[in-house]
Amino acid sequence: MPKEQAKRAKLVIGNWKMHGRLAENAVLMQAVATGATTLQKGVRAAVCVPAPYLAQAQALLGGSVVAWGVQDVSAHTQGAYTGEVAAGMAADFDATFAIVGHSERRAYHGEHSDLVAVKAQRALEAGLTPIVCVGETLEQRENGLTEQVVGTQLEAVLLVLSEAQAAKIVVAYEPVWAIGTGKSATTAQAQQVHAFLRAQLAGKSAAVADVPVLYGGSVKPENAEELFAQQDIDGGLIGGASLKSNDFLAICQAAQNVSV
Ligand code: PEP
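Residues numbered from 1 in each chain as written. Predicted model: local features only at pLDDT ≥ 70, side-chain atom pairs only at ≥ 80, totals over all residues. Heavy atoms only, no water.

## Focus: the overall build of the protein
From N to C terminus, the protein includes 13 helices and eight strands. Each of the 260 residues in the protein was classed as buried or not, and the buried ones make up 54%. Partitioning the intrachain contacts of the protein with sequence separation of at least 6 by distance along the chain shows that 73% fall at a separation of at least 24. Just so you have it, the protein exposes about 11300 Å², and 53% of that area is on carbon and sulfur atoms. In the protein, the 19 positive side-chain charges and the 24 negative ones have mean positions that sit 3 Å from each other. (Helix = DSSP H or I, 4+ residues; strand = E, 2+ residues; numbered from the N terminus. Buried < 20%, exposed > 50% of the residue type's maximum accessible area, 1.4 Å probe, protein only. Contact = heavy atoms within 4.5 Å. Areas by Shrake-Rupley, 256 points an atom, 1.4 Å probe, with all protein chains shown as cover. Lys, Arg positive; Asp, Glu negative; His and termini not counted. Charge placed at Lys NZ, Arg CZ, Asp CG, Glu CD.)

Written as structure tokens, this is what we have:
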């Protein structure tokens, strides 16, 4: 087993997107919290819920091995920003993670990489771990631009963070064409981009090279283990499959199977 793989725990994070209501969330959270008790130290699990349900996550997941987080944070700390949620507000509910730069935010809300970088800073300042999402469209991949696109997206974030801050982030490679489409990247395609991102992180420092780099895009129980077995894939950011407790737990188990 390669040395650098042995050092990193696997991380499986659900992105519930804009799904759920109190009653169904309760069933899902309780099933995930109960099922995750069998996970060993080599695997960490979390769910990123819609912000109104942070209090519910705190109540139902608090004390379990499952952490929680939000799917976006404001670039501001406080003020006249109607509808926005500050990172510090999520931290008030003991959130651990904040997704920033998800492709749906980039596509539907015009978020560019400089804004994503500021959001990552706000998350870190509030004590949250930003999950920085990068990924190319199908057109960009077909034009041979994958590395240029993800490299530029990640560089914008690395530029504004200190080495110490950058060592605290999580990166998620999510090819846009694989999100919610049922069409996952092949393990070879994913590993190639992860190795590229790892080299870019290593350019900042050895500690930054070690941050978790997750794969996201149609991860399911059937393909999770093969993806997570890749040297530079440290787990997954899971959309659709995180809404079914059995599927999410099976993906956590797949991480367990390949963890050291
Ligand atoms: C996501 O939205 O982050 C995601 C990976 O979605 P899915 O697993 O449904 O492709």
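Picking up where we left off.
## Focus: the sheet that holds strand β4 (residues 97–100)
Strands pair in a sheet through their backbones, by hydrogen bonds, and they do so in one of two ways: parallel or antiparallel. Strand order in the closed barrel formed by eight strands is β1-β2-β3-β4-β5-β6-β7-β8, with parallel pairing between adjacent strands. Within the sheet, the average angular offset between the axes of one strand and its neighbour, ignoring direction, is 30°. With four bridges connecting them, strand β5 (residues 129–134) and strand β6 (residues 170–173) associate as parallel partners. Across the sheet, residue Cys133 finds its bridge partner in β6, namely Ala172. Strands β1 (10–15), β2 (43–48) and β8 (235–238) of the sheet are contacted by helix α13 (residues 245–258), whose axis makes an angle of about 165° with β1. (Pairing = 2+ DSSP bridges. Axes fitted to C-alpha atoms, helices over the stretch in contact; angles between N-to-C directions.)

## Describing the site of the ligand
The immediate surroundings of the ligand are formed by 14 residues, with Lys17, Glu174, Gly180, Ser218 and Gly240 found nearest. Ser218 has a polar backbone atom sitting 2.8 Å from an oxygen atom of the ligand. For the ligand, whose accessible area on its own is 290 Å², the fraction buried by protein is 95%. Class assignment of the residues belonging to the shell around the ligand gives a composition of four nonpolar, eight polar and two charged. (Near = heavy atom within 4 Å. Polar contact = N/O pair within 3.5 Å; in protein donor to acceptor, adjacent residues only side chain to side chain. Nonpolar A, V, L, I, M, F, W, Y, C, P; charged D, E, K, R; others polar.)

## Digging into the pattern of salt bridges
Per the counting criterion, the structure on display carries twelve salt bridges. Its salt-bridge partner being Arg8, residue Asp210 comes within 3.4 Å of it at the nearest N-O pair. Residue Asp210 is found in the loop between α11 (206–209) and β7 (213–216), and its partner Arg8 is found in the loop between α1 (3–7) and β1; the two are separated by 202 residues along the sequence. Salt bridges linked by common partners bring Arg8, Arg198, Asp210, Asp232 and Asp234 together as one network. (Salt bridge = Lys/Arg side-chain N within 4 Å of Asp/Glu carboxyl O.)

## Topic: the packing of helix α2 (residues 22–35) against helix α3 (residues 54–61)
Geometry of a packed helix pair, given as the angle between the helix axes and the separation of the axes. For the pair α2 and α3, interaxial distance at closest approach is 10 Å and the crossing angle is 35°. Between α2 and α3 lies a crossing of right-handed hand. From α2, Leu22, Asn25, Ala26, Met29, Gln30 and Ala33 reach across to α3, where they touch Gln56, Ala57, Leu60 and Leu61. Partitioned by chemical class, the residues of the contact of α2 with α3 number seven nonpolar, three polar and no charged. (Left-handed = near helix turned anticlockwise from the far one by under 90°.)

## Considering the confidence of the model for the protein
Mean pLDDT over the protein stands at 95; residues scoring 70 or higher make up 97%. Contacts from residues 1–6, a stretch scored under 50 in pLDDT, to residues over four places away or in other chains number eight contacts. (pLDDT = per-residue confidence, 0-100.)

## Comments concerning the pairing of β6
Side-chain alternation along β6 places Val170 and Ala172 on one buried face and Val171 and Tyr173 on a second face that is also buried. With three bridges connecting them, β6 and β7 associate as parallel partners. In the sheet register, Ala172 faces β7, and the bridge partner there is Leu214.

## As for the UniProt feature "active site" (unreviewed entry) in the protein
Per the UniProt annotation, the sites labelled "active site" (unreviewed entry) are His102 and Glu174. Taken together, the annotated residues stretch across 73 residues yet fold into one region, lying no more than 8.3 Å apart by C-alpha. In this fold, His102 is placed in the loop between β4 and α5 (103–108). Overall, the relative accessible area of 4% leaves His102 in the buried class. (UniProt positions renumbered as here; feature names shortened; annotations may be inferred.)

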